[in-house]
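Chain by chain, the residues run as shown.
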Amino acid sequence: MGVSQLLLVGVVVVLGLCGVLVPGVPGSWLVWAAVLWWALSDPQPVAWGVLVGATAVLLLSLAVRWALPPRRLRQSGATPRMAVYAGAGAFLGFVLLPVLGALPGFMAGIYVHERLRLGRRGEAMAALRTAMRSGGSSVLAELFACLLIAGAWLGAVLWG
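Residues numbered from 1 in each chain as written. Predicted model: local features only at pLDDT ≥ 70, side-chain atom pairs only at ≥ 80, totals over all residues. Heavy atoms only, no water.

By the naming in an unreviewed UniProt entry, the protein is DUF456 domain-containing protein, taken from Streptomyces camelliae.

Attention shifts here to a nonpolar patch on the surface. Together, F91, L92, V95, L96, L97 and L100 make up a nonpolar patch on the protein surface, roughly 670 Å² of accessible area in all. The class for L97 is partly exposed, based on a relative accessible area of 48%. (Patch = residues over 30% accessible without salt bridge, like charges linked within 9 Å, V, L, I, M, F, W, Y side chains within 5 Å. Areas by Shrake-Rupley, 256 points an atom, 1.4 Å probe, with all protein chains shown as cover. Salt bridge = Lys/Arg side-chain N within 4 Å of Asp/Glu carboxyl O. Buried < 20%, exposed > 50% of the residue type's maximum accessible area, 1.4 Å probe, protein only.)

Below, the discussion takes up helix α6 (residues 121-159). Given a rise of 1.5 Å per residue, 39 residues ought to cover 57 Å, yet the end C-alpha atoms of α6 are separated by just 43 Å, more than 12% below that figure. At G135, α6 is bent by approximately 70°, the largest bend along its length. (Helix = DSSP H or I, 4+ residues; strand = E, 2+ residues; numbered from the N terminus. Expected span 1.5 Å × (residues − 1). Bend = angle between axes of the 7 residues up to and from the residue.)

Here the focus is a positive patch on the surface. There is a patch of like positive charges on the surface, built from R115, R121, R129 and R133. Looking at the positive patch, the element that brings in the most residues is α6, giving 3 residues. Summarising the element assignment, R129 is placed in helix α6. The exposure class assigned to R129 is partly exposed, which follows from its relative accessible area of 43%. (Lys, Arg positive; Asp, Glu negative; His and termini not counted. Charge placed at Lys NZ, Arg CZ, Asp CG, Glu CD.)

It is worth spelling out helix α2 (residues 27-41) at this point. Counted at 1.5 Å a residue, the expected span for α2 with its 15 residues is 21 Å, and the 21 Å between its end C-alpha atoms agrees. For α2, the set of buried residues is G27, S28, V31, A34, V35, W38 and A39. One face of α2 carries all of its buried residues, which in axial projection span an arc of 135°. Where α2 is buried, its residues meet α1 (3-20), α3 (45-67) and α6. (Arc of directions from axis to C-beta. Contact = heavy atoms within 4.5 Å.)

All right, on to the packing of α2 against α6 then. Helix-helix packing: each pair is described by the crossing angle between the helix axes and the interaxial distance. Packing of α2 against α6 leaves a shortest axis separation of 9 Å and a crossing angle of 20°. Considering their axes alone, α2 and α6 lie roughly parallel with respect to each other. For the crossing formed where α2 meets α6, the hand is left-handed. Every residue of α6 that contacts α2 at G27, S28, V31, V35 and W38 is listed here: E142, C146, I149, W153, A156 and V157. (Axes fitted to C-alpha atoms, helices over the stretch in contact; angles between N-to-C directions. Parallel < 35°, antiparallel > 145°, perpendicular 65-115°, else oblique. Left-handed = near helix turned anticlockwise from the far one by under 90°.)

Mapped onto the present numbering, the UniProt feature "transmembrane region" (unreviewed entry) falls at residues 6-39, 46-68, 88-112 and 139-159. Strand forms 0% of residues 139-159 and helix 100%; the C-alpha atoms that close the span are 30 Å apart. (UniProt positions renumbered as here; feature names shortened; annotations may be inferred.)

This part is about the side chain of S61. Within the secondary structure, S61 sits in helix α3. Given a relative accessible area of 5%, S61 falls into the buried group. Beyond its immediate sequence surroundings of up to four residues, S61 is in contact with A141 and A145.

Below, the structure written as C-alpha cells:
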C-alpha cells in the first residue's frame, strides 16, 4: 500500500472520529470502513488482526450504547461547540496518555467549555454531570471505541 493510500485511509479515520461527535453521521462505521479498506488493500496478518479487533470493539461499543439509558443530549443544553471542546479534550488526552487519556480528556473538554460559558466552578461541574448523564456517556463509549480502533491502526501502520 502506498503512502497516498495510507494518507487517504488516515483522512477517513479522522473524518470518522469527527463524525462521532456530529449527530446523524456514522462516525464509527467510517473508522471501521477505513480499517477494512486498509486491510483489503494490504492483506497481511497484522492488518487482518486489526480488522477483526476493530470489528469486535465496534460491536461491543454498539452493545454498550444500546444498554445505556436513552436520553436527549440537546435537552440538557449541549451545543455543537461543547462537542468540539469534548472531542479536542479526548484527542489531547489520547495523545498525552494513549488510549486511557481519552476519558478524562473528554470530560475535561466539557468542563472547560462549561467553565468558560458559565464562569463558576460549581456550575460547570453541575453542567458536566448533567451532560454526562444525558448522553455524554454514549457518545464517549463510541468515541473511545473509535480511538481504540484508530490507535490500533496507527500502531500497525507504524510498527507492523
